[in-house]
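# Secondary and tertiary structure notes
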Amino acid sequence: SAFAIIGAQNGVRAGMPIAVSAICGMTTSTFGGVTRDVLCGRPVRIVHSNAEVYAPPALLGAITYLLALKSKVLTPGSRLSAAVLVCMGCRYLAVTYNIKMHTWDTQRDGRGVAIRK
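Quick notes on the rules
Residues numbered from 1 in each chain as written. Predicted model: local features only at pLDDT ≥ 70, side-chain atom pairs only at ≥ 80, totals over all residues. Heavy atoms only, no water. Patch = residues over 30% accessible without salt bridge, like charges linked within 9 Å, V, L, I, M, F, W, Y side chains within 5 Å. Areas by Shrake-Rupley, 256 points an atom, 1.4 Å probe, with all protein chains shown as cover. Salt bridge = Lys/Arg side-chain N within 4 Å of Asp/Glu carboxyl O. Helix = DSSP H or I, 4+ residues; strand = E, 2+ residues; numbered from the N terminus. Core = buried A, V, L, I, M, F, W, Y, C linked by side-chain atoms within 4.5 Å. Buried < 20%, exposed > 50% of the residue type's maximum accessible area, 1.4 Å probe, protein only. Contact = heavy atoms within 4.5 Å. Expected span 1.5 Å × (residues − 1). 1 Å grid on protein atoms, 1.4 Å probe; cavity = no way out; pocket = protein on both sides within 12 Å on 5 of 7 lines; lining within 4 Å. Points joined across faces, edges and corners; volume = space filled by probe spheres on them. Nonpolar A, V, L, I, M, F, W, Y, C, P; charged D, E, K, R; others polar.

### Focus: a nonpolar patch on the surface
Judged by side-chain polarity, Y92, L93, Y97 and I99 come together as a nonpolar surface patch covering roughly 460 Å² of accessible area. When you line up the elements, L93 lands in helix α4 (residues 76-96).

### Side note on the nonpolar core
In this structure, I5, A8, A22, A62, Y65, L66 and A83 together form the largest nonpolar core, which totals seven residues. Those elements giving two or more residues to this core turn out to be α1 (2-13) and α3 (55-71). With three residues, the top contributor of residues to this core is α3. Once residues lying within four places of it in the same chain are set aside, the contact partners of A83 are I5, G61, T64 and Y65.

### Things to note about unusual backbone geometry
At K72, a position not held by glycine, the phi torsion is positive, near 55 degrees. Relative to the helices and strands, K72 is located in the loop between α3 and α4. Despite not being glycine, N98 has its phi angle at roughly 55 degrees, a positive value.

### Some words on helix α2 (residues 18-40)
With 23 residues, α2 should cover 33 Å at 1.5 Å per step; its first-to-last C-alpha distance of 33 Å lies within 8% of that length. Taken together, the buried positions of α2 are S21, A22, G25, S29, T30, G32, G33, V34 and D37. Residues of α2 that are buried in the fold lie against α1 and α3.

### A closer look at the side chain of R91
Tracing the backbone through its elements, the reader meets R91 in helix α4. Those residues in contact with R91 that lie beyond four places of it in its chain are R45, E52, V53, Y54 and P57.

### Regarding the layout of surface pockets
Empty space within the largest pocket amounts to approximately 190 Å³. Around the largest pocket, the lining is made up of 14 residues, and of these S1, S29, Y54, C87 and R91 lie nearest the centre. If you list the elements that add at least two residues to the lining of the largest pocket, you get α2, α3 and α4. Each residue belonging to the lining of the largest pocket can be placed in one class, and the counts come to eight nonpolar, four polar and two charged.

### Considering the environment of L59
Within the element layout of this structure, L59 appears in helix α3. Among the residues examined, L59 registers a relative accessible area of 27% and is labelled partly exposed. Along the sequence, L59 and A83 sit 24 residues apart, while their C-alpha atoms lie 10.0 Å from each other. Among residues more than four places away in sequence, those in contact with L59 are A22, I23 and M26.

Put into structure tokens, the structure is as follows:
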């Protein structure tokens, strides 16, 4: 969640539009997790279809931060807190309720097209 906010802040500092800044946040968070997994010698979670969602909560956290920043109503601490709560809340729900990204079945329908699960 912290990586998502830092990436979004860097997008804003670079003068990028909000959508690009949100993607910067998600990308920073995602590759921060990849780096952590590689350094710890663990399987990289984002490339395994059996792992819970990882990038969407980071994107939602970055969007929350950017919308709060644009509104100029919340204090800096409140913006950070809201973004962290959204990101961590989404991750908690994904782990608790076993929410995963969509995967493709390996079976074929005879026409060379993958069948959705």
